[in-house]
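Structural overview for review
One-letter residues, chain by chain:
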Amino acid sequence: MKYTRLTKQQLEELHKEFINFLATQSITAEEWEDIKTNKPEVAEDEVDVFSDLVWEGVLTKVEYLENISAQNMHLFQLTEKEMKLISVKVMNPNIDLTTTEGFDWFKKNWQSDFVEYLTASKAYTDDKNLDKFSLIKQGAVITRGDLYNWFDKLIE
């Protein structure tokens, strides 16, 4: 398995797509029930293959990721050739960016001496989607890129 298995909830959300996936392999509903009952390892393999297909499709389309913790924001733009990073560090230990109050403080004080910025870029390895997935495994979430683009305009 290249990525991670979809959760039970994610599989339930993608129920129709999973049925179509099974159909492409000529597996009927009755056969699927039989496989789950009598060959659970085969059923797990099918779920793993489906999970990888879903992840591959999502990762191919993702353009922005954000990883926000108490004092740091890592904002990524995932271009065709590289990953671009805008890193924000708040050096006030009383501020927690993951709270509404902390983020409100940041919006008012983003130019203060208590906030540091860094930009960087990095070429992908041989597997661009695995690079993106690695960031997600580290806590990044897929976004529309509003924060990244706001900072990118400020930095220009």
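Presented here is an overview of the structure given in this document. (Residues numbered from 1 in each chain as written. Predicted model: local features only at pLDDT ≥ 70, side-chain atom pairs only at ≥ 80, totals over all residues. Heavy atoms only, no water.)

So, about the overall build of the protein chain. Scanning the protein chain from terminus to terminus reveals seven helices and five strands. When the helices and strands of the protein chain are listed from N to C terminus, the series reads α-α-α-α-β-β-β-α-β-α-β-α. For 156 residues, the compact-globule estimate of 2.2 N^0.38 gives 15 Å, and the C-alpha radius of gyration of the protein chain, at 20 Å, exceeds that figure by more than 25%. Counting every position in the protein chain, which comprises 156 residues, the buried fraction comes to 33%. (Helix = DSSP H or I, 4+ residues; strand = E, 2+ residues; numbered from the N terminus. Rg over C-alpha atoms; globule rule 2.2 N^0.38 Å. Buried < 20%, exposed > 50% of the residue type's maximum accessible area, 1.4 Å probe, protein only.)

In this section: the layout of surface pockets. Estimated volume of the largest pocket: approximately 360 Å³. Forming the boundary of the largest pocket are 17 residues, of which His15, Phe18, Leu22, Trp32 and Lys36 lie nearest the centre. Elements supplying a minimum of two residues to the lining of the largest pocket: helix 1 (8-13), helix 2 (15-24), helix 3 (29-38) and helix 4 (40-61). Among the residues making up the lining of the largest pocket, the classes are represented as 10 nonpolar, two polar and five charged. Empty space within the second largest pocket amounts to approximately 180 Å³. What lines the second largest pocket is simply Phe76, Met83, Leu85, Ala120, Ser121, Lys122, Thr125, Asp131, Ser134, Leu135 and Gln138. Contributing elements (two or more residues each) for the lining of the second largest pocket: strand 3 (82-90), strand 4 (115-123) and helix 6 (128-137). The class makeup of the residues in the lining of the second largest pocket is five nonpolar, four polar and two charged. (1 Å grid on protein atoms, 1.4 Å probe; cavity = no way out; pocket = protein on both sides within 12 Å on 5 of 7 lines; lining within 4 Å. Points joined across faces, edges and corners; volume = space filled by probe spheres on them. Nonpolar A, V, L, I, M, F, W, Y, C, P; charged D, E, K, R; others polar.)

Our focus in this paragraph is the pattern of salt bridges. This structure, assessed with the given rule, holds nine salt bridges. For the salt bridge of Asp48 with Arg5, the shortest nitrogen-to-oxygen distance reads 2.7 Å. With Asp48 in helix 4 and Arg5 in the segment before helix 1, this residue pair connects regions lying 43 residues apart in the sequence. Asp48 gets classed as buried once you look at its relative accessible area, which sits at 16%. Using a relative accessible area of 36% as the deciding quantity, one classes Arg5 as partly exposed. (Salt bridge = Lys/Arg side-chain N within 4 Å of Asp/Glu carboxyl O.)

Moving on, we get to helix 4. Every α-helix winds through 3.6 residues per turn, so residues three or four apart in the chain are directed the same way. Across its 22 residues, helix 4 extends 32 Å between first and last C-alpha, which sits within 8% of the 32 Å expected from 1.5 Å per residue. All buried positions along helix 4 are accounted for by Ala43, Glu46, Val47, Asp48, Phe50, Ser51, Asp52, Trp55 and Leu59. (Expected span 1.5 Å × (residues − 1).)

Bringing the environment of His15 into the picture now. Counting through the fold element by element, His15 comes out in helix 2. In this structure, the C-alpha to C-alpha distance between His15 and Tyr117, residues 102 residues apart in sequence, is 43 Å.

Attention now moves to the nonpolar core. By size, the foremost hydrophobic cluster in this structure holds 25 residues, and its most contacted members are Phe18, Trp32, Trp55, Leu65, Leu78 and Leu135. Per-element accounting of this core gives the leading share, five residues, to helix 4. Look past the residues within four positions of Leu65 in its chain and what remains in contact with it is His74, Leu75, Phe76, Leu78, Lys132, Leu135, Ile136, Ala140, Val141, Ile142 and Thr143. (Core = buried A, V, L, I, M, F, W, Y, C linked by side-chain atoms within 4.5 Å. Contact = heavy atoms within 4.5 Å.)

Moving on, we come to the side chain of Asn129. By the secondary structure assignment, Asn129 is in helix 6. The class for Asn129 is buried, based on a relative accessible area of 7%. Here the side chain of Asn129 touches Glu56 through a polar contact of 2.7 Å, side chain to side chain. Contact partners of Asn129, with chain neighbours within four places excluded, come to Tyr3, Glu56, Leu59 and Thr60. (Polar contact = N/O pair within 3.5 Å; in protein donor to acceptor, adjacent residues only side chain to side chain.)

Any functional reading would require information that these geometric values do not contain.
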